[in-house]
Amino acid sequence: AKAVVLCSGARYKRVGTPGEELFTGRGVSYCALCDGNFFKGKTVAVIGGGNSALEESLYLARVVDKLNLIHRRDDFRGCKCYQDKCEINPKVNIIRSTVVDEIKGDPFKGVTSVALTNVKTGAKSELPVDGVFVVVGFEPVAGFVPADLGRDTAGFVIADCELRTNLPGFF
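Just so we're clear, the structure is a prediction, and the values are computed from it rather than from any experiment. (Residues numbered from 1 in each chain as written. Predicted model: local features only at pLDDT ≥ 70, side-chain atom pairs only at ≥ 80, totals over all residues. Heavy atoms only, no water.)

### Remarks on the layout of surface pockets
Applicable threshold: A cavity here means a set of points on a 1 Å grid, drawn over the protein atoms and nothing else, where a 1.4 Å probe fits but cannot get out; a pocket is an open set with protein on both sides within 12 Å along at least five of seven lines, and a residue lines either one if it has an atom within 4 Å of a point. Grid points are joined across faces, edges and corners, and a volume is the space filled by probe spheres set on the points. We count a stretch as a helix when DSSP gives it H or I for four or more residues in a row; a strand needs E for two or more, and each element gets its number in order from the N terminus. Think of it as three bins: nonpolar holds Ala, Val, Leu, Ile, Met, Phe, Trp, Tyr, Cys and Pro, charged holds Asp, Glu, Lys and Arg, and polar takes everything else, Gly as well.
A volume near 630 Å³ is recorded for the largest pocket. What lines the largest pocket is a set of 28 residues, among which I47, G48, G49, V135 and V136 lie closest to the centre. Those elements that provide at least two residues to the lining of the largest pocket are α3 (51-61) and β6 (98-106). Looking at the lining of the largest pocket, the element that brings in the most residues is α3, giving five residues. Roughly 170 Å³ of internal volume is contained in the second largest pocket. Surrounding the second largest pocket, V5, L6, C7, S8, V157, A159, L163, T165 and F171 form its lining. Residue composition of the lining of the second largest pocket, by class: seven nonpolar, two polar and no charged.

Right, here's the structure in full:
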C-alpha cells in the first residue's frame with residue numbers, strides 16, 4: 001500500500017481495582033450519559049478528579065439520590081467552575097485523598113460497596129453504593145502500531161494538521 005490510515009481510537013482507562021473487571025456491566029460503568037439512568041434514585045461512587053469526572057458527577061447528581069466523588073488527591077485537576085458546582089451540590093459527597101481498594105458485590109446482583117483507604121491516614125472504610133463510575137481518562141488503542149511511530153507521553157500517535165505522522169505514508 002502507498003498509505004496507511006490508522007483509526008484505532010481510544011478506550012476508557014481502568015483503575016485496575018479488584019472487582020472492577022468482574023462488575024463491569026453489573027454496576028461498574030465508564031459513561032454516566034450511557035448508564036446513569038440505570039441508577040436513578042440510587043447511591044453511586046465516581047472515581048476521578050479531572051474535568052470529565054466532575055462533569056459526569058454533575059450530570060449524575062441530577063439522576064441519582066446520592067453521589068460520592070472519590071479522588072486520590074487533595075485537589076482536583078478539573079476546572080474550578082466544576083469543582084465549585086460539585087462542592088455546593090447537596091447530593092455530592094466529596095471524598096478526598098482516598099483510593100478505592102476494591103469494588104465489592106454479588107456477581108449476580110451487582111455492586112454493593114467499595115472498600116476505601118485514606119492515603120494520608122491509612123484509615124480503611126467501606127462505603128455502600130449501588131454503582132461505580134470510573135472516570136479517569138482515556139488510553140490509545142495503538143499497541144499494534146510500529147514502534148518507531150511518534151507518540152506523545154500518553155501513548156497517542158502524534159500527527160500534524162494534515163494528519164501526517166513521522167512515518168511517510170502513515171496517517
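### A closer look at a nonpolar patch on the surface
In plain terms, the rule: Patch membership is restricted to residues that have no salt bridge and whose relative accessible area is over 30%. Joining uses 9 Å for like charges and 5 Å for the nonpolar side chains Val, Leu, Ile, Met, Phe, Trp and Tyr. For the accessible areas, the method is Shrake-Rupley and the probe is 1.4 Å, while residue cover comes only from the protein chains on display. The salt bridge definition used is simple: a Lys or Arg side-chain nitrogen within 4 Å of an Asp or Glu carboxyl oxygen.
Where nonpolar side chains cluster on the molecular surface, the patch consists of V5, L163 and F171 and spans about 300 Å² of accessible area. Along the chain, the position of L163 falls in the segment after β10 (138-140).

### Some words on the sheet that holds strand β7 (residues 110-118)
Using the following cut-off: By the convention used here, strands pair only if DSSP detects at least 2 bridges between them. Angles shown run from 0 to 180 degrees and are taken between the N-to-C directions of axes, each axis being a line fitted to C-alpha atoms and, for helices, limited to the stretch in contact.
Sheet architecture is open: three strands sit in the order β6-β7-β8, paired in antiparallel fashion. The two strands at the open ends of the sheet, each matched to only one other strand, are β6 and β8 (124-128). Strand-to-strand twist across the sheet, computed as the mean angle between neighbouring axes with direction ignored, equals 25°. Direction of pairing for β6 relative to β7: antiparallel, over a ladder of eight bridges. Looking at β7, one finds that V99 is bridged to T117.

### Digging into the pattern of salt bridges
Applicable threshold: Relative accessibility under 20% of the residue-type maximum defines a buried residue, over 50% an exposed one, and the middle range a partly exposed one, all with a 1.4 Å probe and only protein chains included.
Scanning all chains against the criterion turns up eight salt bridges. Residue E162 is joined to R164 by a salt bridge in which the shortest nitrogen-to-oxygen separation is 3.8 Å. E162 gets classed as exposed once you look at its relative accessible area, which sits at 51%. Beyond isolated ion pairs, a larger network of salt bridges with shared partners links D160, E162 and R164.

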